[in-house]
Amino acid sequence: MQARNTLANRSGHALAYARSCATGACCSIAVLLCWLATSRSVAREPTAPAGVQIHVAAPETIPDGTHTAVTVTVDFAQPNDQPLLLTPTSQGSALEVVRGRLSRSDARRISETQLRFELPVVAHGEGTAIVHVELAAYVCKTRCERVVASADQVVRIARR
């Protein structure tokens, strides 16, 4: 909480300074100060945190106009029954993700530490798409901590 207040104070002072400047050089310095204050104070979550791995497996080529599934496997380092949310998206117009959010109840348990999701997709035209999957989950040891993991898979859509 203190880091956020410090961030607000730093960026607030820099913005106030930028508003009071008459020259463009002062304003660019103030903007640079804002950027430095926000980039150093805000913690970023890793894409592959310790204790969780995520794998996306899609067919190498999907025929145009077909409905299929992309398999997403989540591996936990320890048995895990905590809540989780899987958010898939696709980049490119060749592939559409049918369901935008999946929870633990949508997964099939492979083992105590592995879950498998079947992500429904539809191919719409020839081209290439990227399936991006983001997982938000909780890993508990002595305390529960929120972790975020993500993975990408390139998918090619070809004519039938």
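Located above this text is the structure these notes cover.
This is a predicted model, so every value here is computed, not measured.

Student: Explanation requested: the overall build of the protein in the structure shown.
Tutor: On a plain count of helices and strands, the protein comes out with two helices and 10 strands. For the protein, the succession of helices and strands along the chain, N to C, is α-α-β-β-β-β-β-β-β-β-β-β. By the burial criterion, 32% of the 160 residues in the protein qualify as buried. Within the protein, residue pairs in contact and separated by at least 24 positions form 64% of the contacts whose partners lie at least 6 positions apart. Element-wise, carbon and sulfur atoms account for 52% of the exposed surface of the protein, whose accessible area totals about 10,100 Å².

Student: I would appreciate a short explanation of the sheet that holds strand 9 (residues 127–140) in the present structure.
Tutor: Sheets are built from strands paired through backbone hydrogen bonds, the pairs being either parallel or antiparallel. The mixed open sheet is built from five strands, whose spatial order is 2-10-9-4-6. The outermost strands of the open sheet, each flanked by one partner alone, are strand 2 (61–63) and strand 6 (102–103).

Definitions and cut-offs
Residues numbered from 1 in each chain as written. Predicted model: local features only at pLDDT ≥ 70, side-chain atom pairs only at ≥ 80, totals over all residues. Heavy atoms only, no water. Helix = DSSP H or I, 4+ residues; strand = E, 2+ residues; numbered from the N terminus. Buried < 20%, exposed > 50% of the residue type's maximum accessible area, 1.4 Å probe, protein only. Contact = heavy atoms within 4.5 Å. Areas by Shrake-Rupley, 256 points an atom, 1.4 Å probe, with all protein chains shown as cover. Pairing = 2+ DSSP bridges.

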